[in-house]
Amino acid sequence: MVNEPILDPGRDRPHPYHVSDFPQLRTAADGGDLTAQFELAKALDGAGRHSEALDWLARASDAGSADAALLLGVRLFTGQAAPKSLKDGVAKIARAADLGSAEACGYLAAFAAEGMALPQDWNAALDWLATGAGRGNEACRAQLRLLAPEAVSDDWPKARASIDLDAWLATPAAKILSQSPRVVTVEAFLAPQICAWMIESARDKLTVAPIYDDQTGGALKSERRSNTNAVFHPIEGDVIHALVRARMGRVADVSPLVMEPLAVLHYDVGQEFRRHVDFINPGVPSFALEIAEKGQRIATFLTYLNEDFEGAETEFPVLALRWRGKTGDAILFRNVDPSGAPDRRTLHAGRTPTRGEKWLLSQFIRDKTQTY
């Protein structure tokens, strides 16, 4: 990973010190000024002095700085410019919440919803959302508004109490398109407002989508794939993402713990992903270690997030099948046969829109629990 934080809690808050003014910052920090300690940590970090930055973040966190505790927790959770530890990262984020951080509540809500580094607990997740909303966090408020069945104004406890989790987790029946290989569709899998949420959460994160490099096993940009995508690191998720993944798990009959990070795909006119397979080819030596560590990609779950475009079907040439969903419709297909061997009949393509733009939610499913 690069030595940059994924997120920078406190980045939008006013900075009373100039980051290059190290002597004055250090004097104030040594004197116990928590804001100066936090700013000094960020200044040191920006200068590449990450170990010193972590020391000051820890010192400020221990002394009661919610901002420092949150940033330190994010760093430890992601392992960016810090020794990676999900347990320690969540502990620091929890300390930030105890110190009054509204933003930390959003993180803890997502962790509880996913069952990541915290016990999986939907009620705890909603409680954290309500706490964060009460403290003014707009992301927590937006999620409660989305999940609550009716307008609740600013009564966040009422909004939290009104959420029917069973209804949100219920999934409509699947329709079989192919028995072998197994391909099923689910109409109205996601509500339109959830689809819109996913699009907006991805819009500012889009980058050119890569393919697997057969030589190195890493990511490679290729003319075979011209669309963009946004992949969500686990710390960038939220309760809505967790609900979506839980619903996918119910359709696919798997735990969300075997799912790769969620991704949103975007196709403009002329952009495509040419014919390819999603399984990891065990015949390529560079992929052997990945399959051993992370497991095989046994299934793919795609959800159409919009429908105001033309063309852009998901094509299965071997099956003589083209499918295009309406907003919220999903398709699930197995990438391996019943024995677990790669099934080359699952060759497929993301065709280009001829008008408009296509947004698609993509979730790969492995046969082993994923670690981050």
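Bear in mind the structure is a predicted one, so any value in this text is a computation, not a measurement.

Participant: Just give me the short version of the sheet that holds strand β6 (residues 228–231), but keep the residues and values in it.
Facilitator: The 8 strands are arranged β1-β2-β13-β9-β16-β7-β6-β3 in an open sheet whose pairing can be described as antiparallel. Each edge of the open sheet carries a strand with a single partner, namely β1 (175–178) and β3 (207–208). Here 4 bridges tie β6 to strand β7 (residues 263–267), and the two strands are oriented antiparallel to one another. Bridge pairing in β7 places Thr228 opposite His266. Against the sheet, helix α12 (residues 239–252) engages β2 (183–186), β9 (297–304), β13 (330–334) and β16 (358–366), with an angle of about 60 degrees to β16.

Participant: Would you mind going over unusual backbone geometry in detail, with residue names and values included?
Facilitator: The phi torsion of most residues other than glycine is negative, and most of the peptide bonds are trans. Looking along the chain, the bond that leaves Ser180 and enters Pro181 is cis, with omega of 0 degrees. Summarising the element assignment, Pro181 is placed in the loop between β1 and β2. Positive phi values are uncommon outside glycine, yet Asp253 reaches one of about 60 degrees. The phi dihedral of Ala312 falls on the positive side, at around 65 degrees, and the residue is not glycine. In this structure, Ala312 sits in the loop between β10 (309–311) and β11 (314–316). A relative accessible area of 0% places Ala312 in the buried class.

Participant: So what's going on with the nonpolar core? Residues and values would help.
Facilitator: Ranked by size, the top nonpolar core spans 54 residues in total, and within it Trp122, Leu147, Val239, Leu305 and Leu361 carry the most contacts. If we ignore the near neighbours within four places in the chain, the residues touching Leu147 are Leu126, Leu129, Ile163, Trp168, Val239, Ile240 and Leu243. Counting residues in hydrophobic clusters, the runner-up holds 19 residues, among them Leu25, Ala36, Ala41 and Ala43.

Participant: Help me get a handle on the sheet that holds strand β12 (residues 321–323), residues and values and all.
Facilitator: Two orientations exist for strands paired in a sheet by backbone hydrogen bonds: parallel and antiparallel. Spatial strand order, β8-β14-β11-β12: 4 strands in an open sheet with antiparallel pairing. Strands with a single pairing partner mark the edges of an open sheet, and in this sheet they are β8 (273–276) and β12. Each adjacent strand pair in this sheet contributes to an overall mean axis angle of 15 degrees, direction not counted. Sheet analysis places β8 next to strand β14 (residues 348–350), joined by 2 bridges and oriented antiparallel. Counterpart to His276 in the pairing with β14 is His348.

Participant: Please give an account of helix α4 (residues 66–78) that cites residues and values.
Facilitator: With 13 residues, α4 should reach 18 Å at 1.5 Å per residue; the first-to-last C-alpha distance of 18 Å fits that figure. Most of α4 is tucked away, with 12 of its 13 residues classed as buried. Within α4, burial applies to Ala66, Ala68, Ala69, Leu70, Leu71, Leu72, Gly73, Val74, Arg75, Leu76, Phe77 and Thr78. Buried positions along α4 lie against α2 (34–46), α3 (50–63), α5 (86–98) and α6 (102–114).

Participant: So what's going on with the side chain of Asn335? Residues and values would help.
Facilitator: Within the secondary structure, Asn335 is located in the loop between β13 and β14. Of the polar contacts made by the side chain of Asn335, one reaches the side chain of Thr300; its length is 3.1 Å. In contact with Asn335, other than residues within four places in its own chain, are Asp278, Phe279, Arg297, Ile298, Ala299, Thr300, Pro342, Asp343 and Thr346.

Participant: I'd like a description of helix α1 (residues 22–30), backed by residues and values.
Facilitator: Here α1 has its buried residues at Leu25, Ala28 and Ala29. The arc that holds the buried residues of α1, viewed along the axis, is 100 degrees, so those residues lie on one side. Turned more than 90 degrees off the buried face of α1, the exposed positions are Pro23 and Thr27. In this fold, the buried residues of α1 make contact with α2 and α3. Looking one or two residues past α1, Gly32 carries a phi angle of roughly 100 degrees, positive in sign.

Conventions we followed
Residues numbered from 1 in each chain as written. Predicted model: local features only at pLDDT ≥ 70, side-chain atom pairs only at ≥ 80, totals over all residues. Heavy atoms only, no water. Pairing = 2+ DSSP bridges. Helix = DSSP H or I, 4+ residues; strand = E, 2+ residues; numbered from the N terminus. Contact = heavy atoms within 4.5 Å. Axes fitted to C-alpha atoms, helices over the stretch in contact; angles between N-to-C directions. Buried < 20%, exposed > 50% of the residue type's maximum accessible area, 1.4 Å probe, protein only. Core = buried A, V, L, I, M, F, W, Y, C linked by side-chain atoms within 4.5 Å. Expected span 1.5 Å × (residues − 1). Polar contact = N/O pair within 3.5 Å; in protein donor to acceptor, adjacent residues only side chain to side chain. Arc of directions from axis to C-beta.

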